[in-house]
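Chain residues, written in single-letter form:
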Amino acid sequence: MQMRDRFLYEIYQSENRKSSHYKVLTREKYINLIEQVEEAELAEKKTPMQYRRLKRFGVINIGNEKKLVARGDGNLRYFLPADELFDVIDGIHDAIGHAGRDKMLAEATQSFANITKEMDKGLWQYSNNTNFIFISAQIMKTTKGKSLMWISGYTYRATNSEPRKIRRWQCSTYFNEGCNAFIVTKVQILKSLKGKPLIRLNSYTYHATPSKTSKIRWRCSTHNRMSCRAFIITVDEEMIASNEQHNHTPPRAT
């Protein structure tokens, strides 16, 4: 599945789980809202729903195309159909020189009303220069108490259970349907000289950032000194996502 398709799949799945109030608009819903706003503008006696539509939305013409825009905040901000979100976020990311998540979100929200922090960060964080996309991943237990990883609607079963060693996760349909999809995770939890948690992966080390949950983001240990943006995300000591694009060679072992 291509990155763009995976992105669309994830935002639709998230919308099904939790309504985001017009943040994720299918093409059909987008066109329907434009029609509702235009009808409301022409109605002599407006219904409560039409007043709500006019309070929140407007419609402008750009060439021969109608665009849905936000009302009330002083700036002209567009709503985007879901199938345009990926290309717009990707374009902004390139335009600001891959400057980082917060700057990209700030830039995006100046012009667009339905690009959210979650689209840019949690479930669907996309980075063009490192060629990866982060998707929602959950570690759970089966009814028999075995580990199960859920990603993009698919489930994977751990084929070995030794902690802190290579773990291979096989698609749960492997035996029934012969699916060969799999994921490999590998983390080694160590202690620094100061007694703080440390991960060593492919000769690089990562320090944990503060977290109140089992989901932890680990930054490259050279982040402050060399501004390295590489990181790992783990849940219960299982790696669910990573950006291993370092701007330096591995430090020499001591």
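Residues numbered from 1 in each chain as written. Predicted model: local features only at pLDDT ≥ 70, side-chain atom pairs only at ≥ 80, totals over all residues. Heavy atoms only, no water.

## Describing the pattern of salt bridges
Quick note on the threshold: Here a salt bridge means any side-chain nitrogen of Lys or Arg lying within 4 Å of a carboxyl oxygen belonging to Asp or Glu. Comment: elements are numbered from the N terminus, with helices defined as DSSP H or I runs of at least four residues and strands as E runs of at least two. Relative accessibility decides the category of a residue: with a 1.4 Å probe and only protein chains considered, values under 20% of the type maximum give buried, values over 50% give exposed, and everything between is partly exposed.
Applying the stated rule across the entire model yields 5 salt bridges. Two residues, Arg 27 and Asp 83, come together in a salt bridge whose shortest N-O distance is 2.9 Å. Taken together, the positions of Arg 27 in helix H2 (residues 27–42) and Asp 83 in helix H4 (residues 82–95) put the pair 56 residues apart, joining distant regions of the chain. We note a salt bridge from Arg 71 to Glu 41, for which the minimum N-O separation is 3.1 Å. With Arg 71 in the loop between strand S2 (65–70) and H4 and Glu 41 in helix H2, this residue pair connects regions lying 30 residues apart in the sequence. Arg 71 sits in the partly exposed class, given a relative accessible area of 37%.

## Some thoughts on unusual backbone geometry
Here Ser 227, not a glycine, exhibits a phi torsion of approximately 55°, which is positive. Relative to the elements of secondary structure, Ser 227 occurs in the loop between helix H8 (223–226) and strand S14 (231–235).

## What about the packing of aromatic side chains?
Selection rule: Stacked, edge-to-face and tilted are the three classes for Phe, Tyr and Trp ring pairs, Trp counted by its six-membered ring, which pair at centre distances within 6.5 Å; planes under 30 degrees apart are stacked, over 60 edge-to-face, the rest tilted. Geometrically, a charge over a ring is one whose NZ (Lys) or CZ (Arg) sits within 6 Å of the ring centre while staying within 35 degrees of the ring normal.
For the structure shown, the criterion picks out 2 aromatic pairs. With a centroid separation of 6.5 Å and 45° between ring planes, the pair formed by Tyr 78 and Phe 112 is classed as tilted. Within this pair, whereas Tyr 78 is found in the loop between S2 and H4, its partner Phe 112 is found in the loop between helix H5 (101–111) and helix H6 (117–120), the two being separated by 34 residues in sequence. Of note, Arg 217 hangs over the ring of Phe 231, and the distance from its end group to the ring centre comes to 3.7 Å.

## A short note on the nonpolar core
Quick note on the threshold: To qualify as a nonpolar core, a set must consist of buried Ala, Val, Leu, Ile, Met, Phe, Trp, Tyr and Cys residues joined through side-chain atoms within 4.5 Å.
By size, the foremost hydrophobic cluster in this structure holds 16 residues, and its most contacted members are Ile 11, Leu 85 and Ile 115. With 13 residues, the next largest nonpolar core counts Val 37, Leu 54, Phe 57 and Leu 68 among its residues.

## Some thoughts on the pairing of strand S11 (residues 197–201)
Note the following rule: We call two strands paired when DSSP finds no fewer than two bridges between them.
Sheet analysis places strand S10 (residues 189–191) next to S11, joined by 3 bridges and oriented antiparallel. Looking at S11, one finds that Ile 189 is bridged to Ile 199. The turn linking S10 back onto S11 is made up of 5 residues, and Gly 195 within it adopts a positive phi angle of 85°.

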